[in-house]
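These are the residues of each chain, in order.
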Amino acid sequence: MVIALILLGGITLFFINPEQVSWMPKCYFYVLTGWQCPACGSQRALHHLLHQNFAAAFAYNPFLLVSLPYLFALVFLQWFDEENRFQKLRTFCHGSQTIRIYLVLIVLWWILRNIIPW
Amino acid sequence: MSKFYYLDANNQQQGPVEAAELTRLGVNANTLVWTPGMDAWLEARSVPELAWIFPPAMPPAAPPPPPVTGTTPPPYQAAPASIPHFYQPKPDNFLVWSILATVLCCVPSGIVAIVYSSRVNSLWEMKDYAGAGTAAKNAKTWCFISLGLGIIVFVIAFITGLLGAISQ
Ligand SMILES: [Zn+2]
């Protein structure tokens, strides 16, 4: 189920460029306030990432450099490591210290990208 | 009932097996066990879900009451019947879902969910089990709000985009 959803999302983002179609989800936070949220540009960045266009992906949302590896590890631990073969990784990823650092980073990035338009 | 992995006498990982099977397989209160949802391997006696098989170490028994003199009835001593908080399993912190919502669905309210996710773990580490449970509930609620918002925004964008394409 989860694997199917991930694949579906990946395939959609591979074949469709969110810049060119009007029906891809818009960020309601950006629409309402005119400010960008920490995730704005993620879908466009992922589209370019899937086409190995790393520079374009980085230009749309550099914060994905932090988020994606973390998210990747969390998804892996949740659905692909039922036997807990990667105990140290699990302890690290779910440690309150790690989550707190991630929160600080995401909020800093949120403020920063609206001060220096990115 | 979740299944458990355990380390045998040679420190080899075994399982998964039902909790009820553990004692038959030679697992005792000091054996390291693990089940999905636990952050690390723990001794069986410190695993809340196994408390019914391996009771956690109790504080040393109180000294017996002094011998009764005269006809005073011995003071009634209540048995330590209250169940310690650590009998509850560690709640799911919904961290994956909150970050998925925040990072991929463009819903900043997911950040609230991440805050609660981090509190689940920090409160649990501080042995505030009731607080961790509440934080887990809040994390779950905010995940649903965020994912729901993401889906609503998607549907609205989809419909308006489609209408726009048709009218052209
Ligand atoms: Zn956004």
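As the structure is a prediction and not an experimental result, all values here were calculated from the model. (Residues numbered from 1 in each chain as written. Chains lettered and ligands numbered in written order. Predicted model: local features only at pLDDT ≥ 70, side-chain atom pairs only at ≥ 80, totals over all residues. Heavy atoms only, no water.)

Asks: I'd like a rundown of the side chain of B:Ser122, residues and numbers included.
Replies: With respect to the helices, strands and loops of the structure, B:Ser122 is situated in helix 2 (residues 110-125). On the basis of relative accessible area, B:Ser122 is assigned to the buried category, the value being 15%. Not counting residues within four places of it along the chain, the set of residues in contact with B:Ser122 comprises A:Ser96 and A:Arg100. (Helix = DSSP H or I, 4+ residues; strand = E, 2+ residues; numbered from the N terminus. Buried < 20%, exposed > 50% of the residue type's maximum accessible area, 1.4 Å probe, protein only. Contact = heavy atoms within 4.5 Å.)

Asks: How would you explain the layout of surface pockets if you had to name every residue and give the values?
Replies: Its volume calculated, the largest pocket comes out at about 1,500 Å³. Considering the residues around the largest pocket, the lining is formed by 32 residues, among which A:Leu5, A:Ile6, A:Gly9, B:Leu100 and B:Leu104 are closest to the centre. Breaking the lining of the largest pocket down by element, the ones donating at least two residues are helix 1 (2-15), helix 3 (42-50) and helix 5 (64-79) of chain A together with helix 1 (95-104) and helix 3 (129-167) of chain B. Here the lining of the largest pocket gets 10 residues from one element, more than from any other, and that element is helix 1 of chain A. Taken together, the residues of the lining of the largest pocket break down into 27 nonpolar, five polar and no charged. (1 Å grid on protein atoms, 1.4 Å probe; cavity = no way out; pocket = protein on both sides within 12 Å on 5 of 7 lines; lining within 4 Å. Points joined across faces, edges and corners; volume = space filled by probe spheres on them. Nonpolar A, V, L, I, M, F, W, Y, C, P; charged D, E, K, R; others polar.)

Asks: Tell me about the interface of chain A and chain B, and please be specific about residues and values.
Replies: Every contact between the two is made by 40 residues of chain A and, on the other side, 36 residues of chain B. Of the roughly 3,300 Å² buried between chain A and chain B on both sides combined, carbon and sulfur atoms contribute 72%. Our count for the contact surface shared by chain A and chain B stands at zero salt bridges. If you tally residues by element for the side of chain A that touches chain B, the top one is helix 5 of chain A, at eight residues. Residue composition of the side of chain A that touches chain B, by class: 23 nonpolar, 11 polar and six charged. (Buried area = accessible area lost by both parts, 1.4 Å probe. Salt bridge = Lys/Arg side-chain N within 4 Å of Asp/Glu carboxyl O.)

Asks: So what's going on with helix 1 of chain B? Residues and values would help.
Replies: Along helix 1 of chain B, eight of the 10 residues are buried, which leaves the element largely enclosed by surrounding structure. For helix 1 of chain B, the complete set of buried residues consists of B:Leu95, B:Val96, B:Ser98, B:Ile99, B:Leu100, B:Ala101, B:Thr102 and B:Val103. On the buried face of helix 1 of chain B, the contacting elements are helix 3, helix 5, helix 6 (87-94) and helix 7 (96-115) of chain A together with helix 2 and helix 3 of chain B.

Asks: Give me the lowdown on the pairing of strand 1 (residues 3-7) of chain B, citing residues and values where you can.
Replies: All names here are of chain B. Taken across its five residues, strand 1 has four buried, putting it largely inside the fold. Across four bridges, strand 1 lies against strand 2 (residues 13-18) in antiparallel orientation. Bridged to Phe 4 within strand 2 is Val 17. Once strand 1 ends, the chain turns through five residues before running back antiparallel as strand 2, passing Asn 11 with a positive phi of about 60°. One ladder, built from two bridges, connects strand 1 with strand 3 (residues 32-34); its direction is antiparallel. Bridge assignment links Tyr 5 to a residue of strand 3, and that residue is Trp 34. (Pairing = 2+ DSSP bridges.)

The values reported here are purely geometric and, on their own, carry no functional implication.
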